[in-house]
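# Summary of the model geometry
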Amino acid sequence: MSTKNNAWEYADSIESASHINLRKQYGLYIDGKWVKPSSNKYFSSSNPHDEKHIADVSEANEDDVDRAVQAAAKAYKLWSKISAAERGKYIFRIARLMQEQARELAVIESLDSGKPIREARDIDIPLACNHFFYYAGWADKLEYAFPNQQKKPLGVAGQIIPWNFPLLMAAWKIAPALATGNTVVLKPAETTSLTALKLAEIIEASGIPSGVVNIVTGFGDTGAALVAHPKVSKIAFTGSTAVGKLIQKTIAGSNKKATLELGGKSANIIFDDAPIDQAVEGIINGIFFNQGHVCCAGSRLFVQENIAEKVIRKLKHRMQSLQVGNPLDKNTDIGAINSKEQLKIIQRYIDIGIKEGSEFFQTDCALPVQGYYCRPTLFVNVAQSSILAQEEIFGPVLTIQTFRTVDEVIQKANNSPYGLAAGVWTDKGSKIFNLTSKLKAGVVWANTYNKFDPSSPFGGYKESGFGREGGLHGLGAYLK
Amino acid sequence: MKRVEVLKTYKIYIGGKFPRTESGRFYKVLNKAEKPIANVCLSSRKDVRNAVQAARKAQGSWQERAAFNRGQVLYRIAEMLEGRRAQFVEELMLEDYTKKEAQTEVDNSIDRIVYYAGWCDKFNQVASSVNPVSSSHFNFSSYEPMGVIGIMAVKSSGLLGLVSMLMPVIAGGNSCVIIASEDKPLCAVTLAEVLNSSDVPGGVVNILTGHMDELWSPLSSHMDVNGISTDGRNKYITKVQLASVDNLKRVRVYSNDFSLMQEQGIQFITDFQELKTTWHPIEKIGGASNSY
Amino acid sequence: MTAKYRFNEVPPSPSIDKVGVEERVKRFQSRSIKTTAKMQGLKMVLSMIDLTTLEGKDTEGKVRQMCFKAAHLHNGHPGLPVVAAVCVYPSMVGLAKSIVGKYGIKVASVSTAFPSGQAPLDVKIADTKYAVEHGADEIDMVISRGKFLAGEHTFVFDEIAAIKEVCGSARLKVILETGELATLDNVRRASDIAIYAGADFIKTSTGKIQPAATLQVTYTMLQAIRDFYDETGKMVGMKPAGGISNAKLALHNLVMVKEVLGEEWLTNKWFRFGASSLANDVLMQILKTESGIYQSADYFTLD
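Residues numbered from 1 in each chain as written. Chains lettered and ligands numbered in written order. Predicted model: local features only at pLDDT ≥ 70, side-chain atom pairs only at ≥ 80, totals over all residues. Heavy atoms only, no water.

### Regarding the environment of A:Ile94
Among the secondary structure elements, A:Ile94 is positioned in helix 3 (residues 84-100). Excluding residues that lie within four positions of it along the chain, A:Ile94 makes contacts with A:Phe132, A:Leu178, A:Leu199, A:Ile202, A:Ile203, A:Ser206 and A:Ile208. (Helix = DSSP H or I, 4+ residues; strand = E, 2+ residues; numbered from the N terminus. Contact = heavy atoms within 4.5 Å.)

Given below as C-alpha cells:
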C-alpha cells in the first residue's frame, strides 16, 4: 500500500485573535489607578512565536514599588475591616468576570507566553478562574480551616510569579491572599506581564477597594525591591531555586513570612505491571505539557528494565504525533519556548547530553522558521550522575533511566535535592501506597500526572521550596 | 562519718548512647550566685555531626512506626519522668528555681508530654484532607515528618521549654538534635536518661550541651538537617536563618512563653511536617452509562 | 494473511486505566479538523463506510434500495466515492452481490449466529460457509461473549480460528460486542485473542447492544492492533460499528487511527465504519463545507 495516497495532515486551525483588546502601553496598577512608572521606562512584551512586539509594559523601580506597597498597606486597614462575607463576594465577582473574558485571556496568554492555545483555553484559564471561585468561598469560613487557632491575616503580601503559567500563578497567589484578608502587590514575570495586567483591569472592574490589589511590572530589580520593602509582611514566590534562596537571604532576620515554590526534577516511575499505554500518555503529559516549562515536570523517567524497550518504542511513536508549531493553532501540542534565553539554556543541556553520549532522540517534525522552538527530546540510558538527570532543564527534554527493584527506584527517585512531585504507574494498590508514602515529594500522582485543582494543595519538599498553595492548606500561608 | 556522695557526670546523648564530647572539653554551669553547680560537656561541631548522623539513621524507622505506637512511647516518657520527678526538681533548684517553681515546671512538663503523646495518632486525622477535585480522581493530603530537626532550646527554661519544643517534633515522626539551654542544661541530660530508659529508639532524640555560639553554625548549616526549631530569644536567629538557606531548611522561631498552658497545640506538630498530596484516578462505573 | 498462532502464544494483555483512556480520547476530540483536512477526511469517511442493514424485517426490497444508495450516495454531487461495502445477513448476500459487485463495493455478511453467537460451532461454520459460497467478500463473525466472560478464552480463540479456516479468501472481521464485555480490560483481552486467532479486522459491536463503538473502546482496540503490528509487522484492520452517526465523531475516529496506527491505516482496506445513518450526515457536511450553507435532511435520500 502506498502511504502517500493516505497522507492526511491537519490543516491550519488558527484561533482568532480579532476579539482581544490590548492597550499599546500599560502603566502600573497602583491604588486602583493606572499610573506611569516614575522611571518613565517601558519595555516590550513580545510573541515568542514570531518575535513580534505586542505591547509596552512599564518598568517599575523602587519608588513605584514603594508607592504600591504603601497603597496596599493603606488599603489593608480598610480591607481587614470589611466583613469576611463581603470580602468573599468581591472575589466571587473577580472569578465571574474572568470566566466572561476567558477566551480573550486564553488568546493573550498564548500570544504572550508561547503556550498552545489548547492548554491556555482548556487548562490555564479555567483553572485560574476556578481558583478565585474556590478561595472566594473560604473568606467567611476561615475558622473552620484551622479550628482553635485564631488565625489572623498578615498584612501586605508581596508576590512574585514566573512566566510559565502567568495568569494561573497570579490566581494562585492573589485569590488566597484576598480570601484571608491580606492586600497584595504582585509582580509578574517580565516576559509575560499581559494577562496579569488584564487581570488588573478585571479587578478594577470588580469594584474591590483601591489598593487591595496592586500590580507592578518589571524585571528582577522590581522583585528585589518588593522583597526588601519593610512594609511587606509576606513573600510568596514561584520561580527558580536560586532566586528563592536569594529571597530567603534577604528576609533573614525579618519577621516576613515566606512561601517558596521552586524548582524540581521529578521522577516518573513506570513498573512492568502498569497500564502501559496510559503510562506512556502520562510520560508525555509529564514532560511535554507547556513545553516542559513546568516546575513539577516529570523530567526523570524511571522504567522497569524488563519493559524499557517497549515503553521507549511506544514513547517515541507517541512523540511523533505531537504537533509543534504556532501556539495559536488549535492542533498545536507543543508551542514556542518562552524566550530566546530559555531556548539557549535548553539547547545547552541538549548539547551536554549529546556530549555525555546518552542515546538521543528527537521527533522529525518540521519547526517554524522563526520563533523559539525546540523539538520534543529524549535521552535514553542516562546515568543518575549525569548533569541531565540532576539539573532542572525546564524544557521538553526527558531523561530515561531503568531500574530493577522497588527499593532501588525509591532510592534513586529520592536521590535529589529537589522534592516537588513524583509519578507512579502500577496496577497494584499496595505497591502504589508503598511508593507514595516513601517518595519525598509534595505531590504524588499515581497512574496520572500533571493534574491540578484549586482544592488540591501544591508545593514541595527539600529545595523545591516550602509552604503549600491551593486547597485548605494554602490558606495557612497567608495567616498567622 | 558522713558518706561521700557520688556525683553525677553530665554526658551528652547521641544515638542512644552517652558519650563524652569527642572534644574532651567541659564547662562549668554556674548558678545565679555564680557558684559552679556541675561540669557539663562542651560539645563541638563533630558532636553535632555525629548527632545528625545518628538522627538520620533513626528517623526512617521512627516515622514508619504506627502512630499509635509512637503515642505509647511518648506516654512512656511521661511515666518515666514522673518516676524521677524528685531528681528533676532537685536539678531545677540547683538552677535557681524555687521548690514550688521547680515542682510546677516538672508537673507541666509531664502533662505536656502526655498532651503530645495523645496527638501522635490524631494530628494527621485532624489536619489532613480529602480534596474534592473536579476531575475523576481521588485526591488526599496528609502530613509526613520533615526528617531531622535541629532544636535550639529555650535558654531560660530548665525543662519545660525543651519538652515543649521536643515533643511535637518527635510526636510527628521526626528525629532531632537538641542544643540544650546553655545556662540550665542539667535537666536536658537527665531527660536523656529518661528517654533512654523509656522506649524511645536510640538516635531519635540526641542532646548536646555546650555554647550556642559554637554550635548554632554546624547545626543550622548541616545539609542533612531538614528543619530548625529555635527559641525566639536566640541571638543567632538571623545567622541561623542565613545558614539554613543552602538546603532550604524550614526554620521555626518560637517566642512563646511555654509556661503558659495554651502554648501547645497541633500547629507545633504540623510546623515540622510536610504536606503530601496524592492523586489517583477513579473509574466511574455507576449506572453503566454510555460513557464507556 | 493468515496468522498461525496458538492460544498460548497470545501475549499477556496490558491493563487499561479507563480514566487515562478517557483523557487520551479527549485529546483526540480536541483536534480541530478544518478546511482541506476536513473535506479530505469527510470523503475518506464515505469511502470507509460499511453501509448496513441487519434487521429481522429485512426484505429483498430493502436490501436492493440500500445497495443502490451504496453506489449512488448523492447523485447531485459528482466526484463522491462509493462506500466500502454493504453489510447484510447471509440470506441477502447473493442479492447484494448481484447489485453492488460491479461498482467494486464489497459484500460483507454477518455470520456465526449473529448477533448473539449462541449456537454450536458446526452451525456457525455452516452459517459462514453459506455466506462465503454466495459471494461474501467479508465475514463479520461474533465471538462467544458468554464463554469469554466465563473465562473460557481458549474456546473463544479456537472458535475464531475455526471460522477463519472456512472463510477462504474472504476477510474475517471479528465482532467483540464490547458493550457486553463491560470493561476495557476485557475489550483489550478479547482484541488480543481475536487478532492472534487470525482476525483480519476487529470490530466493536453488532449494533444491537449499547454502548457500541465509543471512542474509548475503539482507542483500546487500536492499541491492540498497534502492539500486534509492533510485535509481528502485520497489519490488522479496525471497524467501529454502532453509534457513529455524525461526521464529527467519524473524523475523530480518523484522528485516532492516524495518531495511534499511522496513515497506512487510513484506507478502507484497513479501516471501516459500520453505520446505517452516518453517510447522510457526512454528505451534508461536505455540501456545507463547500457552500457555506447549512443543509436539510430532506435533500438527502434515506436509502
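### Some points on the interface of chain C and chain B
Frequently, the measure chosen for interface size is the accessible area removed from exposure when the parts meet. Facing the 16 residues of chain C at the interface are nine residues of chain B. When chain C packs against chain B, the two sides together hide about 910 Å² of surface, and 57% of this comes from carbon and sulfur. Run the count over chain C and chain B and you get zero salt bridges. Linking chain C to chain B there are zero residue pairs in polar contact (both at pLDDT 80 or more). For the side of chain C that touches chain B, a count of residues per class yields seven nonpolar, five polar and four charged. (Buried area = accessible area lost by both parts, 1.4 Å probe. Salt bridge = Lys/Arg side-chain N within 4 Å of Asp/Glu carboxyl O. Polar contact = N/O pair within 3.5 Å; in protein donor to acceptor, adjacent residues only side chain to side chain. Nonpolar A, V, L, I, M, F, W, Y, C, P; charged D, E, K, R; others polar.)

### Quick look at the sheet that holds strand 5 (residues 53-58) of chain A
Residue and element names in this part refer to chain A. If you trace the three strands from one edge of the open sheet to the other, you get 1-5-4, paired in mixed fashion. One side of each edge strand has no neighbouring strand; the edge strands of this open sheet are strand 1 (25-26) and strand 4 (42-46). With two bridges connecting them, strand 1 and strand 5 associate as parallel partners. Looking at strand 5, one finds that Tyr26 is bridged to Val57. (Pairing = 2+ DSSP bridges.)

### As for helix 11 (residues 276-288) of chain A
Residue and element names in this part refer to chain A. End to end, helix 11 covers 18 Å across 13 residues, agreeing with the expected 18 Å (1.5 Å per residue, within 8%). Within helix 11, twelve of the 13 residues are buried, which leaves it mostly tucked inside the rest of the structure. For helix 11, the set of buried residues is Ile276, Asp277, Gln278, Ala279, Val280, Glu281, Gly282, Ile283, Ile284, Gly286, Ile287 and Phe288. (Expected span 1.5 Å × (residues − 1). Buried < 20%, exposed > 50% of the residue type's maximum accessible area, 1.4 Å probe, protein only.)

### So, the layout of surface pockets
By volume, the second largest pocket amounts to about 1,200 Å³. Lining the second largest pocket are 50 residues, and of these A:Asn414, A:Ser437, A:Lys438, A:Lys440 and B:Gln63 sit closest to its centre. Of all the secondary structure elements, the ones that give two or more residues to the lining of the second largest pocket are helix 15 (406-414), helix 16 (429-438) and strand 19 (461-462) of chain A together with helix 1 (45-64), helix 2 (67-83), helix 5 (123-127), strand 4 (137-145) and strand 10 (273-281) of chain B. Split into classes, the residues belonging to the lining of the second largest pocket amount to 15 nonpolar, 18 polar and 17 charged. (1 Å grid on protein atoms, 1.4 Å probe; cavity = no way out; pocket = protein on both sides within 12 Å on 5 of 7 lines; lining within 4 Å. Points joined across faces, edges and corners; volume = space filled by probe spheres on them.)

### Some points on the sheet that holds strand 1 (residues 49-52) of chain C
Each strand in a sheet pairs with its neighbour through backbone hydrogen bonds, running either in the same direction (parallel) or in the opposite one (antiparallel). Residues and elements named next belong to chain C. Spatial strand order, 7-6-5-4-3-2-1-8: eight strands in an open sheet with parallel pairing. One side of each edge strand has no neighbouring strand; the edge strands of this open sheet are strand 7 (237-239) and strand 8 (273-275). Across the sheet, the mean angle from the axis of one strand to that of its neighbour is 25°, orientation sign disregarded. Judged from the three bridges that link them, strand 5 (residues 171-175) and strand 6 (residues 201-203) form a sheet pairing that is parallel. Each residue of the ladder has a partner; that of Lys173, found in strand 6, is Phe201. Taken strand by strand, helix 3 (residues 60-71) contacts strand 1 and strand 2 (85-88), and its axis lies near 165° from that of strand 2. With respect to the sheet, helix 10 (residues 215-232) is in contact with strand 6 and strand 7, its orientation differing from that of strand 7 by roughly 170°. (Axes fitted to C-alpha atoms, helices over the stretch in contact; angles between N-to-C directions.)

### Points about empty space enclosed by the protein
Rolled over the atoms, a probe with the dimensions of a water molecule shows which regions are left empty. Applying the stated criterion across every chain, the model contains seven cavities of 30 Å³ or more. Lining the largest cavity are 13 residues, with A:Asp277, A:Lys314, A:His317, A:Arg318 and C:Gln223 positioned closest to its centre. Every element with two or more residues in the lining of the largest cavity is listed here: helix 11 and helix 12 (308-320) of chain A together with helix 10 and helix 11 (247-261) of chain C. When residues of the lining of the largest cavity are assigned to their parent elements, the largest contribution, four residues, is made by helix 10 of chain C. Among the residues making up the lining of the largest cavity, the classes are represented as three nonpolar, two polar and eight charged.

### Comments concerning the packing of aromatic side chains
Scanning all chains against the criterion turns up 33 aromatic pairs over all chains. Ring centres 5.8 Å apart and planes at 75° place the aromatic pair C:Tyr89 and C:Phe114 in the edge-to-face group. Taken as a pair, C:Tyr89 in the loop between strand 2 and helix 4 (93-100) and C:Phe114 in the loop between strand 3 (106-111) and helix 5 (121-133) lie far apart in primary sequence, 25 residues in all. A relative accessible area of 9% means that C:Phe114 is categorised as buried. For the pair C:Tyr196 and C:Phe228, a centre-to-centre distance of 4.9 Å together with 85° between the ring planes defines the contact as edge-to-face. Of this pair, C:Tyr196 sits in helix 9 (residues 184-197) while C:Phe228 sits in helix 10; the two residues are 32 residues apart in sequence, bridging distant segments of the chain. In this structure, A:Arg23 is placed above the aromatic ring of A:Trp34, and the distance from its NZ or CZ to the ring centre is 4.3 Å. (Phe/Tyr/Trp six-rings, centres within 6.5 Å; stacked < 30°, edge-to-face > 60°. Lys NZ or Arg CZ within 6 Å of the ring centre and 35° of its normal.)

### Some thoughts on a nonpolar patch on the surface
All names here are of chain B. Residues Val130, Phe138 and Ile282 make up a contiguous nonpolar surface patch of roughly 260 Å² in combined accessible area. Tracing the sequence through the fold places Phe138 in strand 4. Its relative accessible area of 41% is what places Phe138 among the partly exposed residues. (Patch = residues over 30% accessible without salt bridge, like charges linked within 9 Å, V, L, I, M, F, W, Y side chains within 5 Å. Areas by Shrake-Rupley, 256 points an atom, 1.4 Å probe, with all protein chains shown as cover.)

### Some words on the domain arrangement of chain A
Residues and elements named next belong to chain A. Per the domain assignment, the segments of chain A are domain 1 (11-262 + 464-476) and domain 2 (267-453). Averaged C-alpha coordinates put domain 1 and domain 2 at centres separated by 29 Å. Both sides of the domain 1 and domain 2 interface together cover about 3,000 Å² of buried area, and 55% of this is carbon and sulfur. Looking only at domain 1, the three residues that lose the most surface to domain 2 are His49, Trp163 and Ser464, adding up to 21% of its buried area. Along the contact surface separating domain 1 from domain 2 lie zero salt bridges. Applying the counting criterion to the domain 1 and domain 2 interface returns 18 residue pairs in polar contact (both at pLDDT 80 or more). (Domains from an automatic or database assignment.)

### Points about the environment of C:Ala71
Residues and elements named next belong to chain C. As for its position among the elements, Ala71 is in helix 3. Taking the C-alpha atoms as reference, Ala71 lies 11 Å from Leu46; in sequence the two are 25 residues apart. What Ala71 contacts, discounting residues up to four positions off in sequence, is Val82, Tyr103 and Ile105.

### What to know about the state of the cysteines
Following the criterion strictly, the structure yields zero disulfides over all chains and no others. Of all cysteine sulfurs, the one in B:Cys187 lies closest to B:Cys41, which takes part in no disulfide; the gap is 16 Å. Free cysteine: C:Cys167, not disulfide-bonded; nearest cysteine sulfur from C:Cys87 at 13 Å. (Disulfide = S-S within 2.5 Å.)

### Some details on the pairing of strand 14 (residues 377-380) of chain A
Residues and elements named next belong to chain A. The alternating pattern of strand 14 places Thr377 and Phe379 on one face and Leu378 and Val380 on the opposite face, and all of these are buried. Where strand 13 (residues 359-362) lies against strand 14, four bridges are found, and the strand directions are antiparallel. Across the sheet, residue Glu359 finds its bridge partner in strand 14, namely Val380.

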